[in-house]
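# Residue-level structural notes
Okay, here's what each chain looks like letter by letter:
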Amino acid sequence: MGGNLLTNFYEAVAVILFGIGFTTLLLHRNMIKKILGFNIMDTAIYLFLAVKGYITGGMAPILTNGVEEQAYYINPVPSGLVLTGIVVSVSVTALMLALTIRLYRRYHTLDIDKMSMLAKKEDL
Amino acid sequence: MSKLNPNYEASKWRKIERFVNGEEISDNPNLSKHEEEIREASQEDKERNEQFEATITDLEDRIQKERKRSIEALYRKYEKWPQTKGIKIFTHIYRILAVLFCVCIISVLLMTVSYLPTFGDASNPNNNEVPKRYIEKGIEETGAINFVAGMILDYRAFDTLGESHVLFIAACCVLILLRIDHSKNGKKPTEKAEAEEDDRKFEPKNDKILQKIASLLIPPIIIYGIYVVLNGHLSPGGGFSGGAIIGAGLILYLNAFGYEKIEKFFTYKTYQRITVGALLFYACAKSYSFYTGANHLESGIPKGIPGNILSSGLILPLNVAVGLVVACTMYGFYTLFRKGGM
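Residues numbered from 1 in each chain as written. Chains lettered and ligands numbered in written order. Predicted model: local features only at pLDDT ≥ 70, side-chain atom pairs only at ≥ 80, totals over all residues. Heavy atoms only, no water.

### Description of the overall build of chain B
Looking only at helices and strands, one finds 13 helices and zero strands in chain B. Starting at the N terminus and walking to the C terminus, you meet the elements of chain B as α-α-α-α-α-α-α-α-α-α-α-α-α. Here chain B holds 342 residues, and the buried ones make up 34% of them. Across chain B, every contact between residues at least 6 apart in sequence was considered, and the portion connecting residues at least 24 apart equals 69%. A total accessible area of about 22,700 Å² is found for chain B, and carbon and sulfur atoms account for 62% of it. (Helix = DSSP H or I, 4+ residues; strand = E, 2+ residues; numbered from the N terminus. Buried < 20%, exposed > 50% of the residue type's maximum accessible area, 1.4 Å probe, protein only. Contact = heavy atoms within 4.5 Å. Areas by Shrake-Rupley, 256 points an atom, 1.4 Å probe, with all protein chains shown as cover.)

### With respect to the overall build of chain A
Counting its secondary structure elements, chain A contains four helices and zero strands. Secondary structure elements in chain A, listed N-terminal to C-terminal, are α-α-α-α. On C-alpha atoms alone, chain A measures out to a radius of gyration of 21 Å, which is more than a quarter above the 14 Å that the 2.2 N^0.38 rule sets for 124 residues. Taking the principal axes of the C-alpha coordinates as reference, chain A spans close to 70 × 35 × 15 Å. Buried positions account for 39% of the 124 residues belonging to chain A. Considering only intrachain contacts with a sequence separation of at least 6, the fraction spanning at least 24 residues in chain A is 48%. Entry remark: accessible area of chain A is about 6,600 Å², with carbon and sulfur atoms responsible for 69%. Each charge sign in chain A was given a centre, from 10 positive and 8 negative side chains, and these centres are 17 Å apart. (Rg over C-alpha atoms; globule rule 2.2 N^0.38 Å. Lys, Arg positive; Asp, Glu negative; His and termini not counted. Charge placed at Lys NZ, Arg CZ, Asp CG, Glu CD.)

### A look at the interface of chain A and chain B
Contacts between chain A and chain B engage 56 residues on the former and 58 residues on the latter. Counting each side, the surface lost to burial between chain A and chain B is near 5,100 Å², with a carbon and sulfur contribution of 72%. Applying the counting rule to chain A against chain B returns zero salt bridges. Here chain A and chain B share 12 residue pairs in polar contact (both at pLDDT 80 or more) between them. Breaking the side of chain A that touches chain B down by element, the ones donating at least two residues are helix H1 (9-27), helix H2 (31-53) and helix H3 (76-107) of chain A. Ranked by the residues each element gives to the side of chain A that touches chain B, the list is headed by H3 of chain A, at 19 residues. Taken together, the residues of the side of chain A that touches chain B sort by class into 34 nonpolar, 15 polar and seven charged. (Buried area = accessible area lost by both parts, 1.4 Å probe. Salt bridge = Lys/Arg side-chain N within 4 Å of Asp/Glu carboxyl O. Polar contact = N/O pair within 3.5 Å; in protein donor to acceptor, adjacent residues only side chain to side chain. Nonpolar A, V, L, I, M, F, W, Y, C, P; charged D, E, K, R; others polar.)

### Some thoughts on the state of the cysteines
Residues and elements named next belong to chain B. On inspection of all chains with the given rule, the structure shows zero disulfides over all chains. Here Cys328 is not disulfide-linked; the sulfur of Cys172 is the nearest cysteine sulfur, at 12 Å. You can call Cys328 buried: its relative accessible area is 3%. (Disulfide = S-S within 2.5 Å.)

### Observations concerning unusual backbone geometry
Residues and elements named next belong to chain A. Here His108, not a glycine, exhibits a phi torsion of approximately 55°, which is positive. Examined against the element boundaries, His108 turns out to sit in the loop between H3 and helix H4 (112-123). Residue classification places His108 among the exposed positions, given a relative accessible area of 61%.

### Quick notes on a nonpolar patch on the surface
Residue and element names in this part refer to chain B. Together, Ile226, Leu230, Ile309, Leu310, Val320 and Leu324 give the surface a local cluster of nonpolar side chains, amounting to about 490 Å² of exposed area. For the nonpolar patch, the secondary-structure elements that each account for two or more residues are helix H9 (208-230) and helix H13 (315-337). Within the element layout of this structure, Leu230 appears in helix H9. (Patch = residues over 30% accessible without salt bridge, like charges linked within 9 Å, V, L, I, M, F, W, Y side chains within 5 Å.)

### Quick notes on the pattern of salt bridges
Residues and elements named next belong to chain A. On inspection of all chains with the given rule, the structure shows seven salt bridges over all chains. We note a salt bridge from Lys52 to Glu11, for which the minimum N-O separation is 3.1 Å. Within this pair, whereas Lys52 is found in helix H2, its partner Glu11 is found in helix H1, the two being separated by 41 residues in sequence. No difference in accessibility class separates Lys52 from Glu11, as the two residues are buried. Close ionic contact of Asp111 with Arg29 constitutes a salt bridge, the shortest N to O distance being 3.8 Å. Here the residue Asp111 occupies a position in the loop between H3 and H4, and Arg29 occupies one in the loop between H1 and H2, the gap between them amounting to 82 residues. For Arg29, a relative accessible area of 32% corresponds to the partly exposed category.

### Digging into the environment of Phe48 of chain A
With respect to the helices and strands, Phe48 of chain A occurs in helix H2. Residue classification places Phe48 of chain A among the partly exposed residues on the basis of a relative accessible area of 26%. Along the sequence, Phe48 of chain A and Gly3 of chain A sit 45 residues apart, while their C-alpha atoms lie 19 Å from each other. Not counting residues within four places of it along the chain, the set of residues in contact with Phe48 of chain A comprises Glu11 and Ala14 of chain A together with Leu116 of chain B.

### Quick look at the side chain of His233 of chain B
Among the secondary structure elements, His233 of chain B is positioned in the loop between H9 and helix H10 (239-262). Excluding residues that lie within four positions of it along the chain, His233 of chain B makes contacts with Ala144, Ile145, Asn146, Ala149, Asn308, Ile309, Ser311, Ser312, Ile315, Leu316 and Asn319 of chain B.

### Quick word on a positive patch on the surface
Residues and elements named next belong to chain B. Positive charge collects at one region of the surface, where Lys208, Lys212, Lys261 and Lys264 lie side by side. Mapping Lys261 onto the fold places it in helix H10. Classification of Lys261 by relative accessible area gives partly exposed; the value is 39%.

### Describing a negative patch on the surface
On the surface, a cluster of negative charge is contributed by Glu36, Glu37, Glu40, Glu44, Glu47, Glu50 and Glu53 of chain B. For Glu40 of chain B, a relative accessible area of 53% puts it in the exposed group.

Now the structure itself:
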């Protein structure tokens, strides 16, 4: 074990949040709850990236007091990456919800096990 | 030299020979009679054999049927098993394994976190020459005061183009999945099903409180969204956040006043034209770097004075394009998920 677990507690929280989201994804049979778990994982990634870009005492990356030095601001690259992540997660969530609606219209259930059982019955 | 007997054919020896060779002896009536008897006997044997075989096949059939019946009984006995006990056992094992797996993942990741560089340290390896260039040369090269806007719309403009396309393609997929086909093989659906599918049936809306508050709130919301989009290179915000705010305003308008009012200025056709037009403008505006060798991002567009609203070259129009795409996509998602189609 490295000794940085306590100083890096933001990252630790992000990782635990990721695990919680993954557990939700695995444990729940309801499709909507699975999608919620997926979004929790997304949020953990945003937190992780934002934390990685932070520099203690740094300003937001917008020109302040005319200072153009790297040490004065936080790192702008992770902020841009978080933006990308948010857009992609919105798109993916919308797509998953649309698919869930289609499945619900077909099988009238949100339970993934019942759904696959009904699909198998239809194949026979 | 032996002498051939002229009566050889009728001689006893010949008869014996014939008998030995098994040839037919036709001139002896007794023998033929005997043969007929034998034939009859063999016929009887055959019949008996056939009967015997028939009984054997019958028995085999019966055994097969019995076996089948027993297997079917077994099936019937265990048919319900996976649905009752089996699923329960499987779920228990699955849940325990899932939680164990997640705990393992979390502990491995926590171990990795404990080896990561210190939080907030300016000398961390990710604070390298890339953000240094973005911050120290950003204003000179892009003209945007907001370093993030300069980064995502100038240095990494292709990345943002891809993002807007991701949004557009997601909207297309949702459209394909959820749009109601009104021209469905000429069959007229019942009125109730149609009303369930199409929210337009419940209009006009007469919610006075919602309408009053919406008429107060919608202008500031949309103006604020436009402000955020236009000030993307000067302050926090930009195309994505401002577009989301404008989309929220449109959704509120739709909820308060219904489809009939909003279709006076925003229909499916408007959505198509705005989205495709904005994406095309973005692609054209940024594709010049292909033709200039992609390394010299000189646009010939004046940068202006950093800090002014009309500055920083292409960033302002690109922000507007992105904002339009995002606003239309948000509104499109909402209308599609409300079953009405756009």
